[in-house]
Amino acid sequence: MSAARPDFENLDVYKLAENLANEILYLVKEWDYFTKDTIGKQLVRSADSICVNIAEGRGRYNDADNKRFVKIARGSLYETISWLRLAYRRQLITSEQVARFKPIVDELTPKLSAYLKSIGHRK
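What comes next is a walk through the structure. These numbers come from a predicted model, not from an experiment. (Residues numbered from 1 in each chain as written. Predicted model: local features only at pLDDT ≥ 70, side-chain atom pairs only at ≥ 80, totals over all residues. Heavy atoms only, no water.)

1. Describing the pattern of salt bridges
Alright, step 1. On inspection of all chains with the given rule, the structure shows 8 salt bridges.
Alright, step 2. Measuring nitrogen to oxygen at the nearest pair gives 2.9 Å for the salt bridge that ties D7 to R58. With D7 in the segment before α1 (12-28) and R58 in helix α2 (residues 33-58), the pair connects residues that are 51 residues apart, well separated along the chain.
Alright, step 3. Owing to a relative accessible area of 37%, D7 belongs among the partly exposed residues under this scheme.
Alright, step 4. With a closest N to O distance of 2.7 Å, D106 and K102 form a salt bridge. In this pair, D106 and K102 both sit in helix α4 (residues 95-118), 4 residues apart, roughly one turn of the helix.
Alright, step 5. Residue class for D106 comes out partly exposed when judged on its relative accessible area of 43%.
Alright, step 6. Several salt bridges converge on common partners, so that one network encompasses D12, E107 and K111. (Salt bridge = Lys/Arg side-chain N within 4 Å of Asp/Glu carboxyl O. Helix = DSSP H or I, 4+ residues; strand = E, 2+ residues; numbered from the N terminus. Buried < 20%, exposed > 50% of the residue type's maximum accessible area, 1.4 Å probe, protein only.)

Okay, structure coming up:
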């Protein structure tokens, strides 16, 4: 008997978070060693944390645990936004690169909050 595929992969909020994490990784891979080792690692970890916490919460057996992990994901999203702001202010990313991230972040932020509110209200 094979196990069913995890359903978090079907969530729009997860897909957005995964897209953001991958875009950030591609960007950071181009930085010099010092920048990767300082801000780069922190930025990648915080972005990765968004989607992995959504997935982990979805795998929990009760709504309280799921909500707790989604709140952690939201905190990681805010951390990621802060790192992106610092990277821009330090001229590590360009306005054109910001334009690639901004629509994802602008869509992900309210969707993550809506997802959190929906937990426990599913049919």
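Still more to cover.
2. Brief notes about the side chain of S49
Alright, step 1. In this fold, S49 is placed in helix α2.
Alright, step 2. A distance of 2.8 Å separates a polar atom in the side chain of S49 from a polar atom in the side chain of N53.
Alright, step 3. Once you skip the residues sitting within four places of it in the chain, S49 turns out to touch A73 and S76. (Polar contact = N/O pair within 3.5 Å; in protein donor to acceptor, adjacent residues only side chain to side chain. Contact = heavy atoms within 4.5 Å.)

3. Description of the packing of aromatic side chains
Alright, step 1. Taken as a whole, this structure holds 1 aromatic pair when the rule is applied.
Alright, step 2. Centre to centre, the rings of F8 and Y14 are 4.8 Å apart; their planes meet at 70 degrees, and the pair counts as edge-to-face.
Alright, step 3. It is R100 that lies over the ring of F101; its NZ or CZ is 5.8 Å from the centre. (Phe/Tyr/Trp six-rings, centres within 6.5 Å; stacked < 30°, edge-to-face > 60°. Lys NZ or Arg CZ within 6 Å of the ring centre and 35° of its normal.)

4. Observations concerning the environment of R89
Alright, step 1. Structurally, the position occupied by R89 is in helix α3 (residues 63-89).
Alright, step 2. Looking at R89, the relative accessible area reads 67%, which means it is exposed.

5. Thoughts on the layout of surface pockets
Alright, step 1. The computed volume of the largest pocket comes to approximately 230 Å³.
Alright, step 2. Where the lining of the largest pocket is concerned, the elements lending two or more residues are α3 and α4.
Alright, step 3. A per-element tally of the lining of the largest pocket places α4 first, with 5 residues.
Alright, step 4. Here the residues of the lining of the largest pocket are counted per class, giving 7 nonpolar, no polar and 3 charged. (1 Å grid on protein atoms, 1.4 Å probe; cavity = no way out; pocket = protein on both sides within 12 Å on 5 of 7 lines; lining within 4 Å. Points joined across faces, edges and corners; volume = space filled by probe spheres on them. Nonpolar A, V, L, I, M, F, W, Y, C, P; charged D, E, K, R; others polar.)

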